[in-house]
Amino acid sequence: MSNNKNLLVEYIPFVYNQVELNESIHENRTVRVPAILQRANQKNQNGRVYPKDILLRESQKYLVEFVNQHRALGECDHPESRTVVNLANVSHNVVEMHWEGDDLVGIVEILSTPSGNIVKELMRSGIRLGLSSRGVGSVKTLGEGAVEVEDDYSLICFDIVSNPSTDGAFLAEGINRSLEQNRVSRINDLINDFFTELG
C-alpha cells in the first residue's frame, strides 16, 4: 500500500425531470434530484476502480454519520485540495442513500443557499451537471491505464460539478421541451387570471 494519500474526486452525471424541477422552483418547493452517487467495480473515465467492499464500508459510515444526521452537505464545484466542506459554498444535502447493484444511489436536495441557487439556475438553463465524490486515499496500479483505490480510502462528501467523467444520466435531458411547456403553462395562467378578473 502506498503511503501517499491523494485527494480523489470522481464525476457521475445525473438526470432530473425538467418539468418537476421547473414546478418546484416556480412554486418555491424543495428541489430534490435522484442521483447515482458512486459506482463500484468499474473503471471510470479517470481510470480509477473502486472496490465494492471499500465503498460499502465508506457509504455505511457516511450514511450513519452524515445522511442520517441531516448533514451530508456538498459544495457547488470541487474546492482545490480541500478535505473539509466549506459551509459558505454549500449547495446541497444528500438526504437518502442506498445500493442498487454496484451503484450507490440517493436523493440530493438542492438548498436555497447562494451556491444552491446557482445550481438551480444552471439546471433550469439546461447546463449539464454531475455529482462527484470527494475523498482521500491511495491507489495501486492495475495495468492498462487503470488504478485501484486502496483500503485507506475515506469518503468526504459529494459535490455538484460541471465536468462529469461517467457516461449517461446528464441533468440536461428534456430541458428545451419542458422549458417550453413551462412557458405555455405560465401564459395560460395569465390568460385565465385575466378572464377571471373580467368575469
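Just above sits the structure.
Conventions used here
- Residues numbered from 1 in each chain as written.
- Predicted model: local features only at pLDDT ≥ 70, side-chain atom pairs only at ≥ 80, totals over all residues.
- Heavy atoms only, no water.
- Salt bridge = Lys/Arg side-chain N within 4 Å of Asp/Glu carboxyl O.
- Helix = DSSP H or I, 4+ residues; strand = E, 2+ residues; numbered from the N terminus.
- Buried < 20%, exposed > 50% of the residue type's maximum accessible area, 1.4 Å probe, protein only.
- Pairing = 2+ DSSP bridges.
- Contact = heavy atoms within 4.5 Å.
- Polar contact = N/O pair within 3.5 Å; in protein donor to acceptor, adjacent residues only side chain to side chain.
- Patch = residues over 30% accessible without salt bridge, like charges linked within 9 Å, V, L, I, M, F, W, Y side chains within 5 Å.
- Areas by Shrake-Rupley, 256 points an atom, 1.4 Å probe, with all protein chains shown as cover.
- Arc of directions from axis to C-beta.
- Axes fitted to C-alpha atoms, helices over the stretch in contact; angles between N-to-C directions.

Chemist: Whenever I open this one, the pattern of salt bridges confuses me. Can you help?
Modeler: Opposite charge on two side chains makes pairing possible when the charged atoms of those side chains draw close. Under the criterion given, the structure shown has nine salt bridges. For Glu121, the salt bridge identified is with Arg124, shortest N-O distance 3.7 Å. One end of the pair, Glu121, and the other, Arg124, are both in helix H3 (residues 114–124), three residues apart, so they sit about a helical turn from each other. With relative accessibility at 25%, the residue Arg124 sits in the partly exposed group. A salt bridge links Asp159 to Arg134; the shortest N-O distance between them is 2.8 Å. Here the residue Asp159 occupies a position in strand E10 (residues 154–161), and Arg134 occupies one in strand E7 (residues 130–137), the gap between them amounting to 25 residues.

Chemist: Even after reading the chapter, I still don't get the pairing of strand E5 (residues 90–100), so can you show me in this structure?
Modeler: Along a regular strand, successive side chains alternate from one face of the sheet to the other. Pairing analysis gives three bridges linking strand E4 (residues 73–75) to E5, with the strands arranged antiparallel. Following the sheet pairing, Gly74 is matched in E5 by His92. From the end of E5 to the start of strand E6 (residues 103–110), which pair antiparallel, there are two residues, and Gly101 there has a positive phi angle of about 65°.

Chemist: Hey, could you run me through the environment of Leu104 in this one?
Modeler: In this fold, Leu104 is placed in strand E6. When the C-alpha positions of Leu104 and Leu55 are compared, they lie 8.5 Å apart, and in sequence the two are 49 residues distant. Not counting residues up to four positions away in its chain, the partners in contact with Leu104 are Ala35, Ile36, Leu37, Gln38, Ser59, Met97, His98, Trp99 and Phe158.

Chemist: Help me understand the side chain of Ser133 in this model?
Modeler: Tracing the backbone through its elements, the reader meets Ser133 in strand E7. Residue Ser133 is classed as buried on the basis of its relative accessible area, which comes to 1%. Here Gln38 takes part through its side chain, which lies 2.9 Å from a polar atom of the side chain of Ser133.

Chemist: In this structure, what is going on with a nonpolar patch on the surface? I would like to understand it.
Modeler: Side chains of Ile118, Leu122 and Ile127 sit close together on the surface and give an oily, nonpolar patch of about 220 Å² of accessible area. Residue placement: Ile118 occurs in helix H3. According to the relative accessible area criterion, Ile118 is partly exposed, its value standing at 45%.

Chemist: Please explain the sheet that holds strand E8 (residues 139–143) as it appears in this structure.
Modeler: Consider a sheet: its strands pair through backbone hydrogen bonds, and that pairing is either parallel or antiparallel. With mixed pairing, the three strands of this open sheet are ordered in space as E3-E9-E8. On the outer flanks of this sheet lie strand E3 (48–49) and E8, each paired with one strand and no other. When E3 meets strand E9 (residues 146–149), the two strands line up parallel, connected through two bridges. Looking at the pairing, Val49 lines up with Glu148 of E9.

Chemist: Please clarify how H3 should be interpreted in this entry.
Modeler: Each α-helix winds once per 3.6 residues, and so residues spaced three or four apart point in a common direction. Among the residues making up H3, those that are buried are Ser115, Gly116, Val119, Lys120 and Met123. Axial view of H3: buried residues confined to an arc of 145°, hence all on one face. The positive-phi residue at the C-terminal boundary of H3 is Gly126, with phi of around 85°.

Chemist: Explain the sheet that holds E4 to me, please; I cannot follow it from the model alone.
Modeler: Within the open sheet, the four strands sit side by side as E2-E6-E5-E4. Their pairing is antiparallel. Whereas interior strands pair on both sides, the edge strands pair on one side only; in this sheet they are strand E2 (31–39) and E4. Looking at each pair of strands side by side, their axes are set apart by 40° on average, direction ignored. Pairing analysis gives eight bridges linking E5 to E6, with the strands arranged antiparallel.

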